[in-house]
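In case you want the letters, here they are:
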Amino acid sequence: MILALVVSVLFVTLARESAAERAYFDITAANVRKIMVAVPTFTGGAAGQQGQAVAQLLTKGLELHGFIAVIDTARFGGSREADWQSLGADYVVMGQIVGDPAGMAIEGQILDVASNQLLAGRRFKGTSSQWEDMTLRLCDGLIEDFTGEAGVSRTSMALISDGTGRKEVFVTDILGRHPRQITRHNALCVSPRFSPDGNFLAYSTYHRGNQDLYITDLRQNKTTSAISRRKGLNLAPAFSNDGRTMVVTLSKGGTPDLYTIDRQGNIIEQLTSHAGINVSPSFSPDGQSMAFVSDRSGKPNVYVMNMASRQVQRLTFKNSENSEPAWSPKGDEIAFTGLQGGTYQLFIMDRNGGNVRQLTSGGNYESPTWAPDGRLIAVTKKGGGSSKVCVVSKNGKDVRTLFNFKGNQSYPQWSKRLP
């Protein structure tokens, strides 16, 4: 059943909090301090247990975004009545679970501790089995109240995990609560990619001995279909914005080149022609440009192709090698990995190649992928014999491991927001 949704925004609104006047937190600033938030147990629910579960899930969702630190409930017993100033809280989420003809409703309001005023509120209703989705909708709404843009707690991530003994494709919600195994090839799989609508996932696998390209419909869990089994490389694609075509790397001619193909694997156009190795395509959000990696200059570097004129421009020059470009959701920046001092680190640059910033140090970082809000980047961190998916704030702060799964994880791919 689709969530029956009612959002009541601004239960109590101060005059200074009008849409035209409200000042949002700039969480991308390098010197930003984390906002201290308390999340008491939600009132209502079955014997208080559901209220605790909602508060705990909301806490995980808020902390995901990196700019919020949630105060340990043990310090105030989960109570709604506490000396919030002495606890160091900037804001408190006052929540409740109430009955509704649809089943139940989850409500939350923000208490500004400094002014002791309730600033905003939201309400979501649905069946009792949908409480997790309602809680995360509330979370993303509260993030919007803080920053002006909705949160990303209702997103998913595709990745490769060897927890089964083989490197298979998995999809999990972004909080790591419901991992789902997608492939059972018992062979190496790499580079999962979501289609724009989120219903399909493409990936490359070696289960037939060659690196072949497959696609699976995530709405079922039984079959997967081959897109390209051409001799040589068939690397995971960059989908066009409408999802009807994709750009892939094929080495059927001997040299890895970029090709546009349709969903059935038919070649529409060859985009590069024997100008070194050409891999890792990534479309700009407007589809007018495509970043990719080529070693046509002697070493791997990031280039950008104008999709109308097919003209190509080199973007990276500073590191000895640069690879794995990932275009930001807003289209203004490109994340990539660069070889520096013998390790690959995470960098961001403007879309024209300027203003290069290094975000990480130590370890090796690979396969960057942006959150749909453009504030967080997930990346594979390798070191100490292990490989984990981490999340990095756009300002380079707060590198955190995302999932506590068995084995090693790699090749993250962040989904778009759910509808």
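Bear in mind that the values here come from a model prediction, so they are computed numbers and not experimental data.

Looking now at the sheet that holds strand S5 (residues 117-126). Taken together, five strands build an open sheet; the order of strands is S2-S1-S3-S4-S5 and the sheet is mixed. The sheet terminates laterally at strand S2 (68-70) and S5, the two strands that pair on one side only. On average, each strand axis in the sheet is inclined to that of its neighbour by 25 degrees, with strand direction left out of account. Helix H1 (residues 49-64) rests against strand S1 (35-38), S2, strand S3 (91-100) and strand S4 (103-112) of the sheet, and its axis sits at about 150 degrees to S2.

Its 16 residues give H1 an end-to-end C-alpha distance of 23 Å, which sits within 8% of 22 Å, the value for a rise of 1.5 Å per residue. Inspection of H1 places Gly51, Val54, Ala55, Leu57, Leu58, Thr59, Gly61, Leu62 and Leu64 among the buried residues, and these make up the whole buried set. Of the residues one or two after H1, Gly66 is the one with positive phi, at around 90 degrees.

Take the confidence of the model for the chain next. Averaged over the chain, the pLDDT score is 91; the fraction of residues at 70 or greater is 92%. For residues 1-21, every residue scores under 50 in pLDDT, and the model assigns this stretch 49 contacts once sequence neighbours within four places are set aside.

Burial of strand S15 (residues 257-262) is extensive: six of the six residues sit out of reach of the surface. Burial of the side chains of S15 extends over both faces: Asp257, Tyr259 and Ile261 are buried on one face and Leu258, Thr260 and Asp262 on the other. What sits between the antiparallel neighbours strand S14 (residues 245-250) and S15 is a turn of six residues, in which Gly254 has the positive phi angle 110 degrees. In this structure, S15 lies alongside strand S16 (residues 267-270), joined through three bridges in antiparallel fashion. Its bridge partner being in S16, Tyr259 is matched across the sheet by Gln270.

What counts and how
Residues numbered from 1 in each chain as written. Predicted model: local features only at pLDDT ≥ 70, side-chain atom pairs only at ≥ 80, totals over all residues. Heavy atoms only, no water. Pairing = 2+ DSSP bridges. Helix = DSSP H or I, 4+ residues; strand = E, 2+ residues; numbered from the N terminus. Axes fitted to C-alpha atoms, helices over the stretch in contact; angles between N-to-C directions. Contact = heavy atoms within 4.5 Å. Expected span 1.5 Å × (residues − 1). Buried < 20%, exposed > 50% of the residue type's maximum accessible area, 1.4 Å probe, protein only. pLDDT = per-residue confidence, 0-100.

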